Amino acid sequence: MGEVNLTDVRKEYEDVVAVEGMDLTIEDGEFVTLVGPSGCGKSTTLETISGLTTPTSGTIEIAGRDVTTKPPKDRNIAMVFQNIALFPHMTVYENISFGLRLRNFDKEEIDRRVENAVEIVQLEGMLDRSPDELSGGQQQRVGIARAIVREPDVFLMDEPLANLDAKLRVAMRTEIQRLQKELGITSVYVTHDQEEAMTMSDRIAIINDGQLQQCSPPLECYNRPVNTFVAQFIGSPSMNLFDGQVAGEALDVGDFSVAYDTTGTPLVDGDRVTLGVRPEDIYLADDAGDIAHPSTPVAVTVDVLEPVGDQTYAYLLAETDGETTELLMSIDPDKEISEDDTIEVVFSRDDVHVFDGAGDAVVHSLVDPSAAADDVTVEGEA
Ligand code: ADP
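Residues numbered from 1 in each chain as written. Predicted model: local features only at pLDDT ≥ 70, side-chain atom pairs only at ≥ 80, totals over all residues. Heavy atoms only, no water.

(A) Structural context of a negative patch on the surface. On the surface, Asp303, Glu326, Glu339 and Asp340 cluster together into a negatively charged patch. With respect to the helices and strands, Asp340 occurs in the loop between β18 (323–331) and β19 (342–347). Of the residues examined, Asp340 reaches a relative accessible area of 62% and is grouped as exposed. (Patch = residues over 30% accessible without salt bridge, like charges linked within 9 Å, V, L, I, M, F, W, Y side chains within 5 Å. Areas by Shrake-Rupley, 256 points an atom, 1.4 Å probe, with all protein chains shown as cover. Salt bridge = Lys/Arg side-chain N within 4 Å of Asp/Glu carboxyl O. Lys, Arg positive; Asp, Glu negative; His and termini not counted. Charge placed at Lys NZ, Arg CZ, Asp CG, Glu CD. Helix = DSSP H or I, 4+ residues; strand = E, 2+ residues; numbered from the N terminus. Buried < 20%, exposed > 50% of the residue type's maximum accessible area, 1.4 Å probe, protein only.)

(B) Up close: the domain arrangement of the chain. Each assigned domain of the chain is listed with its residue range as follows: domain 1 (4–226) and domain 2 (237–375). Relative placement of domain 1 and domain 2: their C-alpha centres are 39 Å apart. Of the roughly 600 Å² buried between domain 1 and domain 2, counting both surfaces, carbon and sulfur atoms make up 42%. Looking only at domain 1, the three residues that lose the most surface to domain 2 are Tyr222, Arg224 and Pro225, adding up to 75% of its buried area. One can count zero salt bridges joining domain 1 with domain 2. Here domain 1 is connected to domain 2 by four residue pairs in polar contact (both at pLDDT 80 or more). Residue classes in the side of domain 1 that touches domain 2 are distributed as four nonpolar, one polar and one charged. (Domains from an automatic or database assignment. Buried area = accessible area lost by both parts, 1.4 Å probe. Polar contact = N/O pair within 3.5 Å; in protein donor to acceptor, adjacent residues only side chain to side chain. Nonpolar A, V, L, I, M, F, W, Y, C, P; charged D, E, K, R; others polar.)

(C) Here's a closer look at the side chain of Thr44. Of note, Thr44 is situated in helix α1 (residues 42–50). Among all residues touching Thr44, those that are not within four sequence positions of it are Lys11, Tyr13, Ala18 and Val19. (Contact = heavy atoms within 4.5 Å.)

(D) Just the sheet that holds strand β3 (residues 31–35), in detail. The strand order across the open sheet formed by six strands is β6-β7-β8-β3-β9-β10, and the pairing between neighbours is mixed. The open sheet has two edge strands, β6 (77–81) and β10 (211–216), and neither has a second partner. Sheet twist, expressed as the average angle between the axes of neighbouring strands with direction ignored, equals 15°. Strand direction decides the pairing type here: strand β9 (residues 203–208) and β10, joined by five bridges, are antiparallel. Across the sheet, residue Ile206 finds its bridge partner in β10, namely Gln214. Strand contacts of helix α4 (residues 136–148): β6 and β7 (154–158), with the helix running at about 170° to β6, the strand carrying the most contacts. (Pairing = 2+ DSSP bridges. Axes fitted to C-alpha atoms, helices over the stretch in contact; angles between N-to-C directions.)

(E) View of helix α5 (residues 166–183). With 18 residues, α5 should cover 26 Å at 1.5 Å per step; its first-to-last C-alpha distance of 26 Å lies within 8% of that length. Among the residues of α5, those classed as buried are Met172, Arg173, Glu175, Ile176, Leu179 and Gln180. Along its buried surface, α5 packs onto β3, α3 (107–120), α4, β7, β8 (186–191) and α6 (194–200). In the stretch just after α5, Gly184 is the one whose phi turns positive, near 65°. (Expected span 1.5 Å × (residues − 1).)

(F) Geometry of the site of the ligand. Neighbouring the ligand are Tyr13, Val16, Ala18, Pro37, Ser38, Gly39, Cys40, Gly41, Lys42, Ser43 and Thr44. At a separation of 3.1 Å, an oxygen atom of the ligand approaches a polar backbone atom of Cys40. In this structure, an oxygen atom belonging to the ligand sits 3.0 Å away from a side-chain N or O atom of Lys42. The protein chains hide 59% of the 560 Å² of surface that the ligand would expose on its own. (Near = heavy atom within 4 Å.)

(G) A look at the environment of Ala259. Following the sequence through the fold, Ala259 ends up in strand β13 (residues 256–259). Contact partners of Ala259, with chain neighbours within four places excluded, come to Glu249, Ala250, Arg349 and Leu366.

And the structure:
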């Protein structure tokens, strides 16, 4: 059993609280990614699991054992880092088997484990090579094989793909995912890249300022973000956020207003709110017939068009009374619109998110009452 349990973990350095109130359970065999902006406490959290750091308070359990103050060697974990640090003067075989030889495993057992690991990471026939005869991706696989031979309860990976070029990174992502499923080893993966987190994980733990914001499956984070931080962090390009307030049976956002009856929600007339709309949930008013519940059309000017192939990002400006609101929509590249055009757009009211004055989600649809944020099961919500 490789379950990992963090209970109320706090790590303070002299003048910084790096991690605070961290409650997180990673199930046996699960792949959880810690993601968030630089400096948010991802690596520190991982280090408390690996034993490279002792938390100031709180407990860490691995496979049912309290390991809070145990050194890394007593935790049955294996780590893969961004900097793979292979020994240059050793062969692939010697690099992979190094830890086992250090622990005096017998030759037969070492060979069995190395053979198995090499097959999993597809490095067969390369055991006699030295690291400088390998590509970056192959070196990374040696690093992973070195972790596999340990047969750990838990894999800990800190930005292991950060040094690889973009194409290889995408290929290695798939490989790590396949491998993790094949081995079924509990894995905790750190990245600052939300796309990497979205594509690889069973669940994503989004951290901001040392605090866990949400830990949910990728699409739940995307479709039901618990607050404006998660809403903006997950998804590229980011969700549009508009400041506004409740005004009668509508949410008023300066230049435009979206009909919404707040009865049954905690919101009352005059409350500050933030409206969130993903770029793909904005449509040309001409296409409003394609969606079930379009909002009232808003006139906007096309500021910049950014074609990316399968879609075009249109940066739009809504202007009234000298106030400018920026919107980003993604649009079918076949649509005939040009920069400086004035066009009318609508939102899909089924997909508009509403956040309260503190930035916490109230509802994830203006139409479907079952999309209330309270329905979301959130672990360790901040
Ligand atoms: P991330 O991995 O999300 O980039 P870190 O966990 O490395 O963030 O760091 C979280 C915070 O803790 C940052 O403010 C960082 O400067 C601080 N920090 C990390 N390690 C140390 C350390 N050894 N001494 C002092 N401060 C540290």
